[in-house]
Amino acid sequence: MRLRFSRGVITIAIIVVVLAVGISVGLFHLLKKTKPLAVPEAHCTVRTPLGERYLDFEQAEISATIAAVAARRRLPERALVIAYATALQESKIYNLPWGDRDSVGVFQQRESQGWGTKKQLMDPVYATNKFFAALEKVKNYRKIPVAEAAQEVQRSAGGYAYADHEEEAKLLAAAFTGRVPRAVHCWYPPGKKTPAPQPRTAEARKQLARALGSTAVTSERRGWLIAAWSVSHAQKYALRQVGYAGATWKNDMALENWQTGGKAGTTQVELS
């Protein structure tokens, strides 16, 4: 049976559709202009040509610390990739106070296996130095597969799993070594304290020196490593702005990337 509709019914239907579309478009633009009711949580974004990765501040701080320790030991980026793949598998780059048996920390190292005391292993700088010291003893670690090198250090029951994190580890290494500039961008809620907490720049530089050694900028790549470390630790030290090489990071929720401009040159990373 064929259904027939009068011109009036068709006209009404068209009007309803047009109104629905108009209301939808209006609501879309209204929502775009409306500020979100819920403030997002503090977070960091890591972007390189290999992709994009979201970290919380603890993960970003630890990632930056591992990179700083690697730079201090003058290790190749390959060593950093192995360290990140290990940390991703063992703790998801968190400083865990617990684990299998007496395993703790970023790399889940064990006091009973001679890695150090629990207090020492809960210090990411110490734990990272111990990891790299063991890695440097692995023959041909620069050439053998990442998972194989990591397993030589960790002696894990499931050493094959480190391979699952290799690509993500390469992304993090490219960003936190400074090889890819402007790769790390973070944001945290400024809080409601009046007056606002003052940036603790001296304390930040002191802690950076503990991991990196000298904080002098001797190359542009090293400058971007320091900049990435500083942005990753911005919440911890109440930093609001980091400048380097004609670019500026600001703790501004509306900004998703570093901004071109600012007075900072290539001889020093400016913190404020």
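As a starting point, this report considers the structure included with it. (Residues numbered from 1 in each chain as written. Predicted model: local features only at pLDDT ≥ 70, side-chain atom pairs only at ≥ 80, totals over all residues. Heavy atoms only, no water.)

**Details of the side chain of S230**
Summarising the element assignment, S230 is placed in helix α9 (residues 220–232). Ignoring sequence-local partners within four residues, the contact set of S230 consists of L239, V242, V269 and L271. (Helix = DSSP H or I, 4+ residues; strand = E, 2+ residues; numbered from the N terminus. Contact = heavy atoms within 4.5 Å.)

**Some remarks on the sheet that holds strand β9 (residues 270–271)**
In spatial order, the strands read β8-β7-β6-β9; together these four strands make up an open sheet with antiparallel pairing. Strands at the two margins of the open sheet, each flanked by one partner only, are β8 (259–260) and β9. Summarising the sheet, strand β6 (residues 241–244) and β9 pair through two bridges and their orientation is antiparallel. In the strand pairing of β9, V242 is matched with L271. Set on the sheet, α9 makes contact with β6, β7 (247–250) and β9; between it and β6 the angle comes to about 175°. (Pairing = 2+ DSSP bridges. Axes fitted to C-alpha atoms, helices over the stretch in contact; angles between N-to-C directions.)

**Let's talk about the sheet that holds strand β2 (residues 51–55)**
Strand order in the open sheet made by the three strands is β2-β1-β5, with antiparallel pairing throughout. Every other strand in the sheet has two partners, leaving β2 and β5 (184–187) as the edge strands with one partner each. Here the average twist between neighbouring strands, direction ignored, is 15°. As judged from the five bridges shared by strand β1 (residues 43–48) and β2, these two strands associate in the antiparallel manner.

**Some words on unusual backbone geometry**
Located in the positive-phi region is K92, a residue other than glycine, with phi close to 60°. As for its position among the elements, K92 is in the loop between α3 (77–91) and β3 (103–104). At Q108, a position not held by glycine, the phi torsion is positive, near 50°. The topology assignment puts Q108 in the loop between β3 and β4 (109–110). By relative accessible area, Q108 is classed as buried at 13%. (Buried < 20%, exposed > 50% of the residue type's maximum accessible area, 1.4 Å probe, protein only.)

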